[in-house]
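Here's the letter readout for the chains.
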Amino acid sequence: MQQRVEGPVVAVIAEQDALADPAEGRRWAREHGGDGSLAELALLREARDVLRDIVGKERSPEALKPLLDGVQQVPEVGQEGLRWTLRTARHARLAVEAILAWVDTEERMPGRLRPCANSECRLFLLDRSRANRARWCSMAVCGNREKARRHYERTR
C-alpha cells in the first residue's frame, strides 16, 4: 500500500502537481503559511526538483546546500516543553520544511521514498508495502497509464 507524506511536502508529491501552475502554486503556498510570492514558488520548485534528483540517485545530497544556506533551527523551551523553531527567510520556509520532511522520512523509512516509475511524472511515492516494490505514485493514474502504454507497444 502506498501513502503520501503529510505536511508541506504534499504539494511536492500529491497526485496533482500544485506547483506547476503559478496561480495554483501561490494559492497552495498561502494556504500552508507561506507568503505566496513568486520567489517562494521558485524555491519550492527548485527544492522539489533537487529532492527528486537525490531520491533518483542523479545528484548527491550536497545539492541541497544552496537551499539551506543561512537556515537555523533554534531550540525554545517553554511550559509545553522543547520546541524547535526554524529561522530562515520567509519566502524560503516552506521549501526548507519540505527538505526537513524528506530528511525525517529517509531516517525513519530508508529506501521507501522514491520517484514515480512513470518517466513523465514528477511525483514521489512513499512505499509502505511489505515487499517494498511499489512503482507508481498512483496506480489509478500513473500505473494504469504505464500498463496501457506497454500493452499498446506489445499489440502494435
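These numbers come from a predicted model, not from an experiment.

Focus: the pattern of salt bridges
Applying the stated rule across the entire model yields nine salt bridges. Between Asp-53 and Arg-59 there is a salt bridge, with its nearest N and O atoms 3.5 Å apart. For the salt bridge of Lys-65 with Glu-62, the shortest nitrogen-to-oxygen distance reads 3.1 Å. Summarising the burial analysis for this pair, Lys-65 and Glu-62 share the class exposed. Salt bridges sharing partners connect three or more residues here, namely Glu-24, Arg-27 and Glu-31.

As for unusual backbone geometry
Non-glycine residue Lys-57 carries a positive phi angle of around 65°. You can see Lys-57 is positioned in the loop between α3 (38–55) and α4 (65–68). If you check the backbone angles, Asn-132 has positive phi at about 55° while not being a glycine. Tracing the backbone shows Asn-132 in the loop between β5 (124–127) and α6 (139–155). Since its relative accessible area comes to 27%, Asn-132 is described here as partly exposed.

Conventions used here
- Residues numbered from 1 in each chain as written.
- Predicted model: local features only at pLDDT ≥ 70, side-chain atom pairs only at ≥ 80, totals over all residues.
- Heavy atoms only, no water.
- Salt bridge = Lys/Arg side-chain N within 4 Å of Asp/Glu carboxyl O.
- Buried < 20%, exposed > 50% of the residue type's maximum accessible area, 1.4 Å probe, protein only.
- Helix = DSSP H or I, 4+ residues; strand = E, 2+ residues; numbered from the N terminus.

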